[in-house]
Amino acid sequence: MSYQPVPTVRRRRLGSTLRKLRTEAGMTLDAAADALNAAANGSSDARRWTAPKLSRIENANATIRTTEVETLLRAYAVTDPGTRIALEGLAKDAGKRGWWQTYRGVVGPAYADYISLESDAESVRDYASLVVPGLLQTADYARETIAANAVARTASEVDALAEVRLARQAVLTRSCHPLRLWAVIHEAALRRRFTGRPGIMAAQLKRLLDVADWPTVTLQVMPIDAAPNPGDAGAFTLVAFPGPMPDVVTQENLRGPIYVEGVDDVNVFADAFGHIVDCALSTDATKALIAGLV
């Protein structure tokens, strides 16, 4: 399986944010290139910038150095230090080698992109219709569900993918800015059973009860008798980032995650999640339901 070393989603996030800031500054690509060249006058970078190159950066087809990001932000009159830190960090990390590259034999490019997003994220809103979210799974539950959906994988590959899923959960307990997770899980996912291994689901339900009390986790269940709502269209995950970074939506299928980007499209899912939350049980009722299923 081939592996793409550069997380393309990071590049797209950086490029789309730079385009947004340039547009808000009322500058064309030509004007922005002229501003960069003026700033570099007398240096080895003089006259190096062109509108086509800026276009390639904004469309994630070229890289940009952190010092160049700083120069662009000055040209766009962006003075917010949080924005500068976020964008320079994204430029620096665009080609960063993450821990998941150790598993590049089983982690494809799209999945690697998602893990990089998750590691950068400030919060995740997850609607899970049939399976408990990966960030909340136990080891046995992860292994069983991965094996069921990865029929072409060997046993060792399934074990490796389960290890990756568990390693991802470190974002919930990291010492610096742990990820905030808001998960809505359909009741049907909690009533599934593993033939011959009833202990798997029992342990998974106990795990959910434990994390439901974490201050950074909000857990709700969508009851089977809920009114029709946007969750009926299927599962999705909203990934949000600090500063000016645009949110990203992911949807999972048998070939891996697909991405929804662009403010208007992402807002559709954000609005949908709000309606899903309204239709779901309260957090207290959720814990009572799960406790009754253990």
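Residues numbered from 1 in each chain as written. Predicted model: local features only at pLDDT ≥ 70, side-chain atom pairs only at ≥ 80, totals over all residues. Heavy atoms only, no water.

Novice: Give a detailed account of the nonpolar core, specifying residues and quantitative values.
Specialist: Ranked by size, the top nonpolar core spans 52 residues in total, and within it Ile64, Leu87, Leu136, Leu181, Leu190, Leu208 and Leu219 carry the most contacts. Counting residues per element, this core draws most heavily on helix α10 (residues 198-211), which supplies five residues. Formed jointly, this core draws a minimum of three residues from each of two domains, domain 1 (9-94) and domain 2 (101-293). The contact partners of leucine 87, leaving out residues within four places of it in the chain, are Leu14, Thr17, Leu18, Leu21, Val69, Leu73, Pro244 and Met245. By size, the runner-up hydrophobic cluster in this structure holds 14 residues, among which are Phe236, Val260, Ile276 and Val277. (Core = buried A, V, L, I, M, F, W, Y, C linked by side-chain atoms within 4.5 Å. Buried < 20%, exposed > 50% of the residue type's maximum accessible area, 1.4 Å probe, protein only. Helix = DSSP H or I, 4+ residues; strand = E, 2+ residues; numbered from the N terminus. Domains from an automatic or database assignment. Contact = heavy atoms within 4.5 Å.)

Novice: Could you give me a rundown of the pattern of salt bridges, with the residues and numbers involved?
Specialist: Close approach of charged atoms allows side chains of opposite charge to pair. With the rule as written, the count across this model stands at twelve salt bridges. With its nearest N and O atoms 2.7 Å apart, the salt bridge here joins lysine 20 to glutamate 24. Note that lysine 20 and glutamate 24 are positioned in helix α1 (residues 8-24) at a spacing of four residues, about one turn of the helix. Across the pair aspartate 247 and arginine 125 runs a salt bridge, and its minimum N-O distance is 3.8 Å. Highlighted residues: aspartate 247 in the loop between β4 (236-240) and β5 (248-253) and arginine 125 in strand β1 (residues 123-128), separated in sequence by 122 residues. Among the residues examined, aspartate 247 registers a relative accessible area of 27% and is labelled partly exposed. (Salt bridge = Lys/Arg side-chain N within 4 Å of Asp/Glu carboxyl O.)

Novice: Account for the domain arrangement of the protein, naming residues and giving values.
Specialist: We note that the domain assignment places domain 1 (9-94) and domain 2 (101-293) within the protein. Contacts between domain 1 and domain 2 engage ten residues on the former and twelve residues on the latter. Both faces combined, the contact of domain 1 with domain 2 buries some 1000 Å², and carbon together with sulfur accounts for 59% of it. Linking domain 1 to domain 2 there are zero salt bridges. The tally of links from domain 1 across to domain 2 stands at zero residue pairs in polar contact (both at pLDDT 80 or more). Only α1 and α5 (81-93) provide two or more residues apiece to the side of domain 1 that touches domain 2. (Buried area = accessible area lost by both parts, 1.4 Å probe. Polar contact = N/O pair within 3.5 Å; in protein donor to acceptor, adjacent residues only side chain to side chain.)

Novice: Give a detailed account of unusual backbone geometry, specifying residues and quantitative values.
Specialist: Phi at alanine 77 is positive, roughly 60°, even though this residue is not glycine. In this fold, alanine 77 is placed in the loop between α4 (66-75) and α5. Of note in the backbone geometry, histidine 177 takes a positive phi value of approximately 50° without being a glycine. Within the secondary structure layout, histidine 177 lies in the loop between α8 (155-168) and β2 (180-186). Of the residues examined, histidine 177 reaches a relative accessible area of 64% and is grouped as exposed.

Novice: So, α8: which residues are in play, and what are the values?
Specialist: Turn by turn, an α-helix covers 3.6 residues, leaving residues three or four places apart pointing in a common direction. For α8, with 14 residues, the first-to-last C-alpha span of 20 Å sits near the 20 Å given by 1.5 Å per residue. Buried residues along α8 sit against α6 (109-120) and α7 (139-149). (Expected span 1.5 Å × (residues − 1).)

Novice: Residue-level account of the sheet that holds β1, with values.
Specialist: Strand-to-strand pairing in sheets goes through backbone hydrogen bonds, with the strands running parallel or antiparallel. Spatially, the six strands line up as an open sheet ordered β3-β2-β1-β4-β5-β6, and their pairing is mixed. A single partner strand is all that each edge strand has here, and the edge strands are β3 (217-222) and β6 (256-260). If you compare each strand with its neighbour and ignore which way they point, the axes differ by 15° on average. Of the pairings in the sheet, the one linking β2 to β3 comprises six bridges and is parallel in character. Of the residues in β3, the one forming a bridge with leucine 181 is valine 217. (Pairing = 2+ DSSP bridges. Axes fitted to C-alpha atoms, helices over the stretch in contact; angles between N-to-C directions.)

Novice: For the UniProt feature "domain: DUF5753" (unreviewed entry) in the protein, give the residues involved together with the corresponding values.
Specialist: Per the UniProt record, the feature "domain: DUF5753" (unreviewed entry) sits at residues 111-291. Its end C-alpha atoms 33 Å apart, residues 111-291 is made of 44% helix and 19% strand. (UniProt positions renumbered as here; feature names shortened; annotations may be inferred.)

Novice: Now, about the environment of alanine 155: what can you tell me, with residues and values included?
Specialist: Tracing the backbone through its elements, the reader meets alanine 155 in helix α8. For alanine 155, a relative accessible area of 61% gives the class exposed. For the pair alanine 155 and alanine 188, spaced 33 residues apart in the sequence, the C-alpha separation amounts to 27 Å.

Novice: Could you give an account of the confidence of the model for the protein, with specific residues and numbers?
Specialist: In this model, the protein carries an average pLDDT of 86, and 93% of its residues clear a pLDDT of 70 or more. Note on residues 1-7: pLDDT under 50 across the span, and 23 contacts to partners over four residues away in sequence or across chains. (pLDDT = per-residue confidence, 0-100.)

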